[in-house]
Number of protein chains: 2
Amino acid sequence: MRLLASLLDGAARPSFSKLVLVFSASGGGLVAYADARSDPAPDELSQVPPKKKVLVLGTGWAGTTFLRNVDSSMYDVQVISPRNYFAFTPLLPSVTCGTVEPRSIVEPIRRIIKNKGGEIKFWEAECLKIDPEKKQVLCQTDIGTNFEGNGEFVVNYDYLVIAVGAKEVEDAQKIRRSVINCFEKATLPYLDEEERARILHFVVIGGGPSGVEFAAELHDFVTEDLAKLYPTVQNLVNITVLETAEHILTMFDKRITEFAEKKFQRDGIDLKTGFKVVKVSDKAITTENVSRGETSIPYGMAVWSAGIGPRPVILDFMRKIGQGNRRAVATDEWLRVRGCDGVYAVGDCATMSQRKVMEDILEIFRLADKDNSGTLTVKEIKDALEDIYIRYPQVELYLKTKQMKDILDLIKASKGDVKKEDVEITIEEFKNALADVDSQVKNLPATAQVAAQQGNYLARCFNKMNDSEEKPEGPRRIREPGRHRFRPFRYRHLGQFAPLGGEQAAAQLPGDWISIGRSTQWLWYSVYATKQVSWRTRALVVSDWTRRFIFGRDSSGI
Amino acid sequence: MRLLASLLDGAARPSFSKLVLVFSASGGGLVAYADARSDPAPDELSQVPPKKKVLVLGTGWAGTTFLRNVDSSMYDVQVISPRNYFAFTPLLPSVTCGTVEPRSIVEPIRRIIKNKGGEIKFWEAECLKIDPEKKQVLCQTDIGTNFEGNGEFVVNYDYLVIAVGAKEVEDAQKIRRSVINCFEKATLPYLDEEERARILHFVVIGGGPSGVEFAAELHDFVTEDLAKLYPTVQNLVNITVLETAEHILTMFDKRITEFAEKKFQRDGIDLKTGFKVVKVSDKAITTENVSRGETSIPYGMAVWSAGIGPRPVILDFMRKIGQGNRRAVATDEWLRVRGCDGVYAVGDCATMSQRKVMEDILEIFRLADKDNSGTLTVKEIKDALEDIYIRYPQVELYLKTKQMKDILDLIKASKGDVKKEDVEITIEEFKNALADVDSQVKNLPATAQVAAQQGNYLARCFNKMNDSEEKPEGPRRIREPGRHRFRPFRYRHLGQFAPLGGEQAAAQLPGDWISIGRSTQWLWYSVYATKQVSWRTRALVVSDWTRRFIFGRDSSGI
């Protein structure tokens, strides 16, 4: 009841412009509530009209990149996250085996805020519920045991940026401890060989970049460090990668997949491709395979690396806005949550749905056909091109895969033997020419790169929010008059690494440049060192790598 | 039931010379049992007569020093500990504030074993019960969730070394996280100033070296690092040290105590000496003070640094051997547990009771009085001196405090104005002269230094066990004929540090040399770097210090 008292006290102060006490719908506990203009710190009050309140949920790649780039003098920015730090997640597989210390890849969010000028408020709490109608969010702090009441409080927003990620540093630490625990367990007395072998069977579910990297790291950890310390059981260790598809690393070039599969075979890592996991029980994983049917695989430790579903708070939110049957929050190309005013979703918790050309084909034609002649001339097509390219990036991607220079080549190809300049096409011919471009529409992967670019893009939009009203910089609207305020978000793929262990890595770089081998591992080291958010973490990560080169990885169960 | 099957399988193999299944008295679960000669790894079998089995419980200072020094070719050495690493505990206060990483001060016990030659077996398990009658120990592994049965197993011993410590690295990590949680909590919205101040009130209970060091580290952490990141609450932080005695650091020279108290006052650390803690509840600590009576102190986080009781397994063991009313296992001066054949106790879980001179005074006199004249001549006293000094170190200590050269000075002082060489004394005069020497008998402190010296001493005894049978190296027995096999354990105090924060430290070195100030902090750095158990941890600790100098301490809640 002291919170109640303190709130009532607070109500008499100027900083609490409006305060009511409500009971949360969920648990009936005491909930503190303040309206959009209330500010809990009296000394921060000012006489200028209140800024719009931007509430950011999450301090992962998307949330942090947004924070670093948003102009915090324009908005009252608040961040809520259960973690008070940003983690450089691409190095998490290294943390699972102790190659890099967890502390080295995290940067306190308050330090990031401070470096910006410190006008952003951070609160360490978990978001329990999003109410898009009332534009408010219910939070709960789980810090300590003796927070007053049940620790719930409500925060209002004008704009909400949902950037609730997925991967956690704690998970990586747990994996590391589990690996060592398996070795300690396997060396206990009173176990037969079969049991020891089962305990030392490590199964990685999912043959994507993270799963492959973890399997590779684990193999190195076992052969380079643990084998010496657990000599009696080293021969019993087994690493298996289970993948539903016919190959691992399917998002990479075939040459990389082939190289990785051969390297794993040489290393003795058991690749079971075409195996779908149907059940994971205490001691065995049940898999389904076309030729072999159901098989039960006994294991000591399993790591799930095949994607995860959304968090409960996001599921609940999706149900509220009629997206209950989806796996992630759907946004438009401006990262706005569909049917939800002022709410944006970025990073792993969101999928951007790209509008299809064929949905808009009539409107596109009408827009381009300035003289309403019912046909498009070369000039008319050329005039509309830029807007089409911007609004529907799949067109450009499609041309690239067909090795064509521009849309006119496409039209020419579909119309047959006509000189490019003389083309004049009907709506049907236009439809035919563009019939396949939408095949290039793909969901963006749930990677750090996508999240960071989205966070950056969104911050830029927020910074230009006022200017863009007068000077819209987006493409022409297809179904309505005028222009979009901003260009839609467009992902630029900067390449992807697949570390394969034993100082070998593969990389697929822009322009389909493939790089494989030891030099790629060094490229990996330098890229990841460069990408660190601060000089501090950069120095820590590099010194961790140096430590590992000199002393190996630690096997203490801590 | 697979364990049952595997045990029955095992019974058919030569390695399991005798196997029975018993039910544990405690839980009724399945317990695996093997006799002293069974060996779970068949490939380790040999035809030579079995070595005596030495079982070490614990991998702290005492246990690890024993392991590093014991001749593992003479014994079948087995180690059981819930931690598979040794931790350099004197740096734990630094871990509580992130000055040093926990990983940097731990060394895997298997690496220590491997560097010795690898003949020692290590099992990661908790010891649940010690049965000195049957010479066996009941253990339980808590690794993972799917160990067969309840994970209990029994291990037999010929010699048992109890070296169950107290401090844990995990505790230090928890403290670090709690400190940061308090700051995150205090910056949450909807709290009044009073509540924020309560949350940021850190109370250290106990003004010994650890408590003082933690308070100093915390002060530095707050002022040097956290204040910048939590500017709105930095003025609310309060650190209090509660000490029952009238001063802190009572085991140190008065000059050190005075310096520390003055420095803490300057730093704004609230020293409450003469305050006894009587109750710790969720939000307040109740203290008792002679002049002020009972006071209730609200707090956000409290750290207990005033000594801890023995673990349940040790309590249970003490009850079994009739030491139920003690705070630690009592041993004689050879570190043997009283009334318990083949059991030794070292480190924090044990107290060595020094035999009093006055208990043995008649026997000492009789032993020295070779001609049975009823008086002791100077020559007789001189002949007995060495044995007395070895057997009763308090005599030497007492002479030192009185600034006397030898026992004859003492006798002369008590007898009055006689020439030293002419002394001839009766039993009564002998008694009078030595009446006060036992005042020097003190319990050894529960420090790393004592534990390490005990572990080392015990290993040396074990290594000489056979030789000493023929050539005893100890003093003459007082009550029985012959000589003791070994000299009794004697603690050599190598000095003690008290880091006081702000790059200031105090040290009390042998010969009562006092050193205070910045140079002492550098002495502290160099001594603690030198004392590391491996080059690896040495490099890590030094690089952690360097990191801290350059980048400060991390405030991520991880």
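Residues numbered from 1 in each chain as written. Chains lettered and ligands numbered in written order. Predicted model: local features only at pLDDT ≥ 70, side-chain atom pairs only at ≥ 80, totals over all residues. Heavy atoms only, no water.

S.K.: Any chance you could break down the overall build of chain A for me, citing the residues and the numbers?
M.R.: Across its full length, chain A carries 18 helices and 26 strands. When the 558 residues of chain A are sorted by exposure, 57% land in the buried category. Long-range contacts, defined as pairs at least 24 residues apart, comprise 62% of the intrachain contacts of chain A with a sequence gap of at least 6. For chain A, the computed accessible surface area is about 24700 Å², with 50% contributed by carbon and sulfur atoms. (Helix = DSSP H or I, 4+ residues; strand = E, 2+ residues; numbered from the N terminus. Buried < 20%, exposed > 50% of the residue type's maximum accessible area, 1.4 Å probe, protein only. Contact = heavy atoms within 4.5 Å. Areas by Shrake-Rupley, 256 points an atom, 1.4 Å probe, with all protein chains shown as cover.)

S.K.: Tell me about the pattern of salt bridges, and name the residues and values.
M.R.: The final tally for this structure, using the stated rule, is 67 salt bridges over all chains. The salt bridge partner of Glu101(B) is Arg103(A), with a shortest N-O separation of 3.1 Å. With Glu101(B) in the loop between α3 (92-95) and β6 (106-108) and Arg103(A) in the loop between α3 (92-95) and β6 (106-108), this pair bridges two chains. The same class applies to Glu101(B) as to Arg103(A), namely buried. What you see here is one network of salt bridges that share partners, running through Glu101(A), Arg176(A), Asp554(A), Arg103(B), Glu107(B), Arg111(B) and Arg536(B). (Salt bridge = Lys/Arg side-chain N within 4 Å of Asp/Glu carboxyl O.)

S.K.: How would you summarise the pairing of strand β13 (residues 238-243) of chain A if you had to cite specific residues and measurements?
M.R.: Residue and element names in this part refer to chain A. Most of β13 sits out of view: five of its six residues are buried. Assessed by its sense of winding, the connection that carries the chain from strand β12 (residues 201-205) through helix α7 (residues 209-229) to β13 is right-handed. Where β13 and strand β14 (residues 270-273) come together, four bridges link them in parallel fashion. Within β14, the position partnered with threonine 240 by the bridge is aspartate 270. With respect to chirality, the unit in which β13 leads through helix α8 (residues 254-267) into the neighbouring parallel β14 is right-handed. (Right-handed = clockwise from strand over helix to strand, strands pointing away. Pairing = 2+ DSSP bridges.)

S.K.: Now, about unusual backbone geometry: what can you tell me, with residues and values included?
M.R.: Residues and elements named next belong to chain B. Backbone geometry places lysine 135, a non-glycine residue, at a positive phi of 55°. With a phi close to 50°, leucine 249 is a non-glycine residue in the positive phi region. Along the polypeptide, leucine 249 turns up in the loop between β13 (238-243) and α8 (254-267). Exposure remark for leucine 249: the relative accessible area of 0% places this residue in the buried category.

S.K.: Quick rundown of the packing of helix α2 (residues 61-69) of chain A against helix α15 (residues 448-463) of chain A? Include the residues and the values.
M.R.: Residue and element names in this part refer to chain A. Contact geometry for α2 and α15: axes closest at 7 Å, N-to-C directions at 35°. Every pair of crossing elements has a handedness; the one defined by α2 and α15 is right-handed. In this structure, α2 uses Trp61, Ala62, Thr65, Phe66 and Asn69 to contact α15, whose residues at the interface are Ala448, Ala451, Ala452, Gly455, Asn456, Leu458, Ala459, Phe462 and Asn463. (Axes fitted to C-alpha atoms, helices over the stretch in contact; angles between N-to-C directions. Left-handed = near helix turned anticlockwise from the far one by under 90°.)

S.K.: Tell me what's going on with the sheet that holds strand β16 (residues 284-289) of chain B, and back it up with residues and numbers.
M.R.: Residues and elements named next belong to chain B. Pairing is antiparallel across the open sheet formed by three strands, whose spatial order is β15-β16-β17. In the strand order of this sheet, the two ends are held by β15 (275-280) and β17 (293-298), each with one partner. With strand direction ignored, the average angle separating the axes of adjacent strands in the sheet is 30°. Bridge count for β15 against β16 is five bridges, and the pairing is antiparallel. Counterpart to valine 277 in the pairing with β16 is threonine 287.

S.K.: Can you lay out the environment of Met465(B) for me, pointing to particular residues and giving the numbers?
M.R.: Mapped onto the elements, Met465(B) comes out in the loop between α15 (448-463) and α16 (467-470). Along the backbone, Met465(B) and Phe486(B) are 21 residues apart, and their C-alpha atoms lie at a distance of 9.0 Å.

S.K.: Describe in detail the side chain of Asp438(A), supporting the description with residues and values.
M.R.: Residues and elements named next belong to chain A. Secondary-structure assignment places aspartate 438 in the loop between α14 (427-434) and α15. Despite its burial, aspartate 438 pairs with no opposite charge, the nearest such side chain being lysine 356 at 6.4 Å. If we ignore the near neighbours within four places in the chain, the residues touching aspartate 438 are Lys356, Val357, Met358 and Gln394. (Lys, Arg positive; Asp, Glu negative; His and termini not counted.)

S.K.: Any details on the UniProt feature "domain: EF-hand" (unreviewed entry) in chain A? Residues and values, ideally.
M.R.: UniProt's feature table lists "domain: EF-hand" (unreviewed entry) at residues 356-391 of chain A, given in the numbering used throughout. Taken end to end, residues 356-391 of chain A comprises 72% helix and 8% strand; its first and last C-alpha atoms sit 10 Å apart. (UniProt positions renumbered as here; feature names shortened; annotations may be inferred.)

S.K.: Now, about the sheet that holds strand β24 (residues 496-501) of chain A: what can you tell me, with residues and values included?
M.R.: Residue and element names in this part refer to chain A. As summarised here, the arrangement of the three strands in space is β24-β25-β26, forming an open sheet in which the pairing is antiparallel. Looking at strand neighbours, the two that pair on one side only are β24 and β26 (513-517), the edges of this open sheet. The sheet shows a mean angle of 10° between the axes of neighbouring strands, direction not considered. Here five bridges tie strand β25 (residues 504-509) to β26, and the two strands are oriented antiparallel to one another. Within β26, the position partnered with leucine 509 by the bridge is tryptophan 513. Sheet strands touched by α8: β24, β25 and β26. Its angle to β24, the strand with the most contacts, is close to 15°.

S.K.: So what about the packing of α2(A) against helix α4 (residues 109-116) of chain A? Which residues, and what values?
M.R.: Each packed pair of helices is defined by two parameters, the angle between the axes and the distance between the axes. Residues and elements named next belong to chain A. Contact geometry for α2 and α4: axes closest at 9 Å, N-to-C directions at 20°. By the angle class used here, α2 and α4 are roughly parallel. Between α2 and α4 lies a crossing of right-handed hand. On α4, the residues touching Thr64, Leu67, Arg68 and Asn69 of α2 are Ile109, Ile112 and Lys116. Tallied by class, residues from the contact of α2 with α4 come to three nonpolar, two polar and two charged. (Parallel < 35°, antiparallel > 145°, perpendicular 65-115°, else oblique. Nonpolar A, V, L, I, M, F, W, Y, C, P; charged D, E, K, R; others polar.)

S.K.: Would you mind going over the environment of Phe462(B) in detail, with residue names and values included?
M.R.: Residues and elements named next belong to chain B. Tracing the sequence through the fold places phenylalanine 462 in helix α15. Since its relative accessible area comes to 1%, phenylalanine 462 is described here as buried. Residues phenylalanine 462 and glutamate 258 lie 204 residues apart in sequence; the distance between their C-alpha atoms is 44 Å. In this structure, phenylalanine 462 is in contact with Val54, Phe66, Val70, Met74, Tyr75, Tyr159, Val161 and Tyr344, ignoring residues within four places of it in sequence.

S.K.: Describe a nonpolar patch on the surface, and please don't skip the residues or the numbers.
M.R.: A grouping of Val280(A), Trp304(A) and Ile308(A) is seen on the molecular surface, where their side chains present a nonpolar patch of about 320 Å² in accessible area. Of note, Val280(A) is situated in strand β15 (residues 275-280). (Patch = residues over 30% accessible without salt bridge, like charges linked within 9 Å, V, L, I, M, F, W, Y side chains within 5 Å.)

S.K.: With reference to specific residues and values, describe the confidence of the model for chain A.
M.R.: All names here are of chain A. Confidence along chain A averages 85 in pLDDT terms, with 89% of residues attaining 70 or more. The spread of mean pLDDT over the elements of chain A runs between strand β1 (residues 19-23), the lowest at 30, and strand β11 (residues 159-162), the highest at 98. Contacts from residues 1-45, a stretch scored under 50 in pLDDT, to residues over four places away or in other chains number 82 contacts. (pLDDT = per-residue confidence, 0-100.)

S.K.: Outline helix α12 (residues 393-401) of chain B, supporting the account with residue identities and numerical values.
M.R.: Residues and elements named next belong to chain B. The complete set of buried residues in α12 reads Pro393, Gln394, Val395, Tyr398 and Leu399. Those residues of α12 that are buried are in contact with α11 (378-391) and α13 (407-415). Looking one or two residues past α12, glutamine 403 carries a phi angle of roughly 55°, positive in sign.

S.K.: Before we move on, could you go through the packing of aromatic side chains and cite the residues and values that matter?
M.R.: The tally for this structure, following the rule as stated, stands at 45 aromatic pairs over all chains. Cluster of aromatic residues (ring-pair linked, three or more members): Trp61(A), Phe86(A), Phe88(A), Phe497(A), Trp522(A), Trp524(A), Tyr525(A), Tyr528(A), Trp545(A) and Phe549(A). Here the basic side chain of Lys272(A) rests over the ring of Phe275(A), its NZ or CZ set 5.7 Å away from the ring centre. Of note, Arg548(B) hangs over the ring of Phe549(B), and the distance from its end group to the ring centre comes to 4.8 Å. (Phe/Tyr/Trp six-rings, centres within 6.5 Å; stacked < 30°, edge-to-face > 60°. Lys NZ or Arg CZ within 6 Å of the ring centre and 35° of its normal.)

S.K.: Explain helix α4 (residues 109-116) of chain B residue by residue, including any values.
M.R.: What α4(B) keeps buried is the set Ile109(B), Arg110(B), Arg111(B), Ile112(B) and Ile113(B). Downstream of α4(B) by a residue or two, Gly117(B) has a phi angle that is positive, lying close to 130°.

S.K.: Can you lay out the environment of Tyr491(B) for me, pointing to particular residues and giving the numbers?
M.R.: All names here are of chain B. Along the chain, tyrosine 491 turns up in the loop between α16 and β24 (496-501). Look at tyrosine 491 and you get buried, because its relative accessible area is 18%. When the C-alpha positions of tyrosine 491 and alanine 451 are compared, they lie 9.7 Å apart, and in sequence the two are 40 residues distant. What tyrosine 491 contacts, discounting residues up to four positions off in sequence, is Leu444, Thr447, Gln449, Val450 and Gln453. A polar atom in the side chain of tyrosine 491 sits 3.2 Å from the side chain of glutamine 449. (Polar contact = N/O pair within 3.5 Å; in protein donor to acceptor, adjacent residues only side chain to side chain.)

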